[in-house]
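Structural characterization, general
What follows is the residue order along each chain.
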Amino acid sequence: MEDTRIGVALFGIGRAGLIHFLNLRSSHRAVLRWVVEQDLEKAKLLLTQYHMKHVTAVPPEEVDKVYRDQSVQAVFICVPTFSHEEIVQSSLKSGKAVFCEKPIANDIAGVSNCYDLAKEVGKPLFCSFNRRYDPSIRDMYDRLQTKDVGQVHTIKTCSRDHPLPPTSYLKVSGGIFHDCAVHDIDCVCWMLKEYPTTVYAQAHAHLKVIRDMDDVDTVAITMKFPGGAIAIIELSRNATYGYDQRIEVFGEKGMLISENQRPTALQFSDKKGTHAVPIDHSFPQRYRESYILAVEHFFSVVEGKEELEITKQDALTCSVLASACEQSYRTGKPVEVHLESYLNDST
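Below: a short report on this structure. What you see is a predicted model; the values in this text were computed from it and never measured. Within every chain, residues take consecutive numbers counted from 1 along the sequence as written. This being a predicted model, a pLDDT of at least 70 is required before a residue's local features are given, and a value of 80 or more before pairs of side-chain atoms are given or counted; all residues contribute to the totals for chains, interfaces and linings. Excluding hydrogens and water, the side-chain figures rest on all heavy atoms present in the structure.

The next point concerns the packing of helix α6 (residues 135-145) against helix α8 (residues 176-192). Lines fitted to the C-alpha atoms define the axes, with helices restricted to the stretch that makes contact. Angles between their N-to-C directions range from 0 to 180 degrees. Segments assigned H or I by DSSP are reported as helices when at least four residues long, segments assigned E as strands when at least two residues long, and all are numbered from the N terminus. Where α6 meets α8, the axes come as close as 9 Å, and the angle between the chain directions of the two elements is 30°. Classified by the angle their axes make, α6 and α8 are roughly parallel. The segment α6 lies against α8, with Ile-137, Arg-138, Met-140, Tyr-141, Leu-144 and Gln-145 engaging Cys-187, Trp-190 and Met-191. The classification used treats Ala, Val, Leu, Ile, Met, Phe, Trp, Tyr, Cys and Pro as nonpolar, Asp, Glu, Lys and Arg as charged, and all other residues, Gly among them, as polar. When grouped by side-chain class, the residues that make up the contact of α6 with α8 number 7 nonpolar, 1 polar and 1 charged. Should an angle fall under 35 degrees it is taken as roughly parallel, and over 145 as roughly antiparallel, whereas 65 to 115 is taken as roughly perpendicular and any remaining angle as oblique. We call two residues contacting when some pair of their heavy atoms lies within 4.5 Å.

Structure below.
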């Protein structure tokens, strides 16, 4: 019987790559054929651990083997940002669909070029803003579209990392605005179906290791939207108590809240109060379902069953807005955002 599963090559088995590796291993819609990893021994050990003899691990120097393999229909890119653009373009030129952890490229021109190439070769390019696929966030989005809260007045997001990411990752992350804030920016703009005209950000580096990178670990962003809504985004690199992820939308008819999640819902009450288990440890636990559902959407696009939900316009505007927020922090001034040139391109 012909194997109709989607052949996949995975680039990188770091923080996000390992999540995708495990999800691909369990998927009935895809078969992992290649792992491209600089640390080849690490990759081989992982494949041995999970008894995946059918998967071949190669270093980046041998990546042409992957591009030439006609049994590979899609690639997953989970390597440091500086190498995204080259792999995206090479994959598309080889006729592969591309699933890429954000951002698509280091700069706006690179992002635009990648999407233009995807259109030219007729292959999907998916930028994984995976929070859109979290069930509670998706439910919040759906309720906003049915006007459950009426006119939105404010939307607040809180995204606090736990544990503090490794220094090796922070050095290649692109900074907190492009690594963390983009997720909140995407969620807010997606929910409101519009983009801000003004952004203002303040930030501080409490940790010396981050300050020495010319980055910050604590951020507050405000964004003003044409329809009157005001968004407030709070970020931290290091919440000691767990992975703190909350969203609140307040409107004329009521309020929607997406709260933190816990491994179990069990509570214990005694004379000292009510006690619960800690909130989810980190992003693989909190957004476990969103990673799976984002991939399911991507596979449906590859199979021609769904239209790509995250477009070139989404990827470009989020990158521009993240840069505007960083500019505001560094200059200490509000930044007016002009997105007209990006809003007519939804490819």
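Still more to cover.
Further remarks concern the environment of Gly-251. Checked against the element boundaries, Gly-251 lands in strand β11 (residues 244-251). Sequence spacing of Gly-251 and Ile-155 is 96 residues, and the spatial spacing of their C-alpha atoms is 8.7 Å. In this structure, Gly-251 is in contact with Val-149, Gln-151, Val-152 and His-153, ignoring residues within four places of it in sequence.

With that out of the way, let us pick up the side chain of Arg-237. Within the element layout of this structure, Arg-237 appears in the loop between β10 (230-236) and β11. Any residue under 20% of the maximum accessible area for its type is buried, any over 50% is exposed, and the rest in between are partly exposed; the area is computed with a 1.4 Å probe on protein chains only. According to the relative accessible area criterion, Arg-237 is buried, its value standing at 1%. Polar contacts, as counted here, are pairs of nitrogen or oxygen atoms within 3.5 Å of one another; within protein the pair requires one atom able to donate a hydrogen and one able to accept it, and residues that are adjacent in sequence qualify only if both atoms are side-chain atoms. At a separation of 3.0 Å, a polar atom in the side chain of Arg-237 contacts the side chain of Asp-179.

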